[in-house]
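Geometric and topological summary
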Amino acid sequence: MFDITKIRKDFPILDREVNGKPLIYFDNAATSQKPRAVINAIVDYYSNYNANIHRGVHTLSQEATKAFEEAREKIQHHFNAARSHEIILTSGTTHSINLVASGFESILEKEDEIIVSAMEHHSNIVPWQMLCEKTGAALKVIPMTQQGELDMKAYERLLSNHTKLVFVNHVSNALGTVNPIKEIIDKGHDYGAAVLIDGAQATPHIKPDVQELNCEFYTCSAHKICGPTGVGMLYGKEEWLHRLPPYQGGGEMISEVTFEKTTYADLPHKFEAGTPNIAGVISFGVALDYMNQLGFEQIAAYEKTLLDHATKRLREIDKMVIYGTSLQKTAVISFNIEGIHPYDIGSILDKLGIAVRTGHHCAQPIMDYYKIPGTVRASFSFYNTIEEIDLFIEALLRAINMLS
Ligand SMILES: *Cc1c(COP(=O)(O)O)cnc(C)c1O
């Protein structure tokens, strides 16, 4: 069903060695590796039809424009957006979130409130703080529980007619918890709030349907879904994209310019100032094709076997603490060994060819909650194997031996 040997051949980087050992890449929550189809699409664009898009009458420009807009449609269909102009191409999740936050500056008033979760990535906290400072609105935080789940009772207590925007990640990058976003969206709507979901960490494992979710906004980064860095998308409901003012001024986003007055272009171009990452967007589409060919259900089922095996093996280790034990989890494990600094474990694993992440994972509030400086985070992808996990456990035991 899932031919792992064949899949691994699609990823050239998996052949390399690190410090004389075969690479074992368990840092997929930071960025995924890229299949040859995506690398080839980038090379093909620059080798054969590199040109600026939308404005050109010449053949290359028409070819590039066609490929770019076809990629937008692939993204639209992947997320099941009703209209292709509801897909705004951005440089990634951070850009998408800032675009929405900046747009809300003209919507929010002093009495208004924004709700975010305690489980957010830094890129999801700072823009809302800046927005609250500018508008006088208040920022409320949904607390989390010891298992690393959102406290939904507390969420309901925070909601009121002052709530204008709710912002939650679909999956936590530090803990892997899959949040109950449908419930969060529906409850937010009961109070007339708009809901923005950060899908950066969910989209490598789950295929979201934005119409079924009925969220106002959804965002992701291509580089976590086998695509290139510097590209991402913002889905927005048409009416909301009309309500928000343009984010940046520049070429592409205007319809007419005089020194007296500029009129803005229609959606989606209103939010796409300047020359975009053309090769990046085209290869983002190729990455989605690649993932869909494997099938998201198959990916999720395979990754669950990796997660279950790794969790079981890690639990056998003395002084092991695993953070985030929700039953709804993607293949991410954050852990510490009591008395050993996560950084020291990460360094020894690297010497043994194994890439994990150590630190606060851009989610300092979660670390503060558990009163720890950071964790070791192993995050798996569909191209990882049970054998790699066993080698990782062996290496980890060696590291613990050396450090205790
Ligand atoms: C990676 C990540 C981001 C930031 O994405 P960029 O591609 O760096 O903009 C935001 N939120 C979550 C949950 C993430 O995992």
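Residues numbered from 1 in each chain as written. Predicted model: local features only at pLDDT ≥ 70, side-chain atom pairs only at ≥ 80, totals over all residues. Heavy atoms only, no water.

**Thoughts on the overall build of the chain**
- The helix and strand inventory of the chain stands at 14 helices and 17 strands.
- A compact globule built from 404 residues would reach a C-alpha radius of gyration of about 22 Å, and the chain, at 22 Å, matches this within 12%.
- Put simply, the chain has 404 residues, and 55% of those count as buried.
- When contacts within the chain are restricted to residue pairs at least 6 apart in sequence, long-range pairs at least 24 apart make up 71% of them.
- A total accessible area of about 17,500 Å² is found for the chain, and carbon and sulfur atoms account for 50% of it. (Helix = DSSP H or I, 4+ residues; strand = E, 2+ residues; numbered from the N terminus. Rg over C-alpha atoms; globule rule 2.2 N^0.38 Å. Buried < 20%, exposed > 50% of the residue type's maximum accessible area, 1.4 Å probe, protein only. Contact = heavy atoms within 4.5 Å. Areas by Shrake-Rupley, 256 points an atom, 1.4 Å probe, with all protein chains shown as cover.)

**A closer look at the side chain of Asn28**
- Looking at the secondary structure, you find Asn28 in the loop between strand 3 (24–25) and helix 2 (36–49).
- A relative accessible area of 7% means that Asn28 is categorised as buried.
- In this structure the side chain of Asn28 is engaged in a polar contact, spanning 3.2 Å, whose partner is the backbone oxygen of Tyr25.
- Among residues more than four places away in sequence, those in contact with Asn28 are Gln33, Ser379, Phe380, Ser381, Tyr383 and Asn384. (Polar contact = N/O pair within 3.5 Å; in protein donor to acceptor, adjacent residues only side chain to side chain.)

**A look at helix 4 (residues 93–103)**
- Counting buried residues in helix 4 gives 8 out of 11 residues, a clear majority hidden from the surface.
- Those residues of helix 4 lying buried are Thr93, His95, Ser96, Ile97, Leu99, Val100, Ala101 and Gly103.
- Along its buried surface, helix 4 packs onto strand 4 (87–90), helix 5 (126–135), strand 7 (163–169), strand 8 (194–198), strand 9 (217–221) and strand 10 (232–236).

**Here we look at the pairing of strand 4**
- Of the two faces of strand 4, the one lined by Ile87 and Leu89 and the one lined by Ile88 and Thr90 are each fully buried.
- Across 4 bridges, the pairing between strand 4 and strand 10 is antiparallel. Each bridged residue has a counterpart across the sheet, and for Ile88 the counterpart in strand 10 is Leu234. (Pairing = 2+ DSSP bridges.)

**Quick notes on the packing of aromatic side chains**
- A complete count under the given rule lists 17 aromatic pairs for this structure.
- Ring centres 5.1 Å apart and planes at 45 degrees place the aromatic pair Trp128 and Phe167 in the tilted group. One end of the pair, Trp128, is in helix 5; the other, Phe167, is in strand 7, and 39 residues separate them in sequence.
- Here a set of aromatic residues connected by ring pairs shows up, and it is made of Phe11, Tyr290, Phe382 and Tyr383. (Phe/Tyr/Trp six-rings, centres within 6.5 Å; stacked < 30°, edge-to-face > 60°.)

**Description of the site of the ligand**
- Neighbouring the ligand are Thr93, Thr94, His121, Ser123, Asn124, Asn173, Asp198, Ala200, Gln201, Ser221, His223 and Lys224.
- Here an oxygen atom of the ligand and a side-chain polar atom of Thr94 are 2.5 Å apart.
- Within the side chain of Lys224, a nitrogen or oxygen atom sits 2.7 Å from an oxygen atom of the ligand.
- Contact with the protein chains covers 86% of the free accessible surface of the ligand, which is 390 Å².
- For the shell around the ligand, the per-class residue count stands at 1 nonpolar, 9 polar and 2 charged. (Near = heavy atom within 4 Å. Nonpolar A, V, L, I, M, F, W, Y, C, P; charged D, E, K, R; others polar.)

**Side note on the sheet that holds strand 6 (residues 138–142)**
- Within the open sheet, the 7 strands sit side by side as 4-10-9-8-7-5-6. Their pairing is mixed. Every other strand in the sheet has two partners, leaving strand 4 and strand 6 as the edge strands with one partner each. Averaged over all pairs of adjacent strands, the angle between strand axes in this sheet comes to 20 degrees, irrespective of strand direction.
- Strands strand 4, strand 7, strand 8, strand 9 and strand 10 of the sheet are contacted by helix 4, whose axis makes an angle of about 155 degrees with strand 9. (Axes fitted to C-alpha atoms, helices over the stretch in contact; angles between N-to-C directions.)

**A closer look at helix 10 (residues 278–294)**
- Here helix 10 contains 17 residues, and its C-alpha end-to-end distance of 25 Å stays within 8% of the 24 Å for a straight helix at 1.5 Å per residue.
- With respect to burial, helix 10 is a largely interior element, 14 of its 17 residues being buried.
- Immediately downstream of helix 10, the backbone of Gly295 shows phi near 95 degrees, a positive value. (Expected span 1.5 Å × (residues − 1).)

**Details of the domain arrangement of the chain**
- Under the domain assignment used here, the chain contains domain 1 (4–30 + 295–403) and domain 2 (39–292).
- Each of domain 1 and domain 2 has a C-alpha centre, and these two points are 28 Å apart.
- Each side of the interface is counted separately: domain 1 has 34 residues, and domain 2 has 34 residues.
- Summed over both partners, the interface of domain 1 with domain 2 buries about 2,700 Å², with 58% contributed by carbon and sulfur atoms.
- Contact with domain 2 buries area across many residues of domain 1, yet Phe296, Thr330 and Ile366 alone supply 25% of it, more than any other trio.
- Between the two partners, domain 1 and domain 2, sit 0 salt bridges.
- There are 19 residue pairs in polar contact (both at pLDDT 80 or more) connecting domain 1 and domain 2.
- Of all elements in the fold, only helix 11 (296–315), strand 14 (332–337) and helix 13 (364–370) reach the threshold of two or more residues within the side of domain 1 that touches domain 2.
- Per-element tally for the side of domain 1 that touches domain 2: the top contributor is helix 13, with 6 residues.
- Here the side of domain 1 that touches domain 2 is composed, by residue class, of 20 nonpolar, 10 polar and 4 charged. (Domains from an automatic or database assignment. Buried area = accessible area lost by both parts, 1.4 Å probe. Salt bridge = Lys/Arg side-chain N within 4 Å of Asp/Glu carboxyl O.)

**Here's the deal with unusual backbone geometry**
- Note the cis peptide between Leu267 and Pro268, where omega equals 0 degrees.
- Examined against the element boundaries, Pro268 turns out to sit in the loop between strand 12 (262–264) and helix 10.
- A positive phi angle, close to 55 degrees, is found at Asn80, a residue other than glycine.
- Structurally, the position occupied by Asn80 is in the loop between helix 3 (59–79) and strand 4.
- Phi is positive for Lys371, close to 55 degrees, though the residue is something other than glycine.

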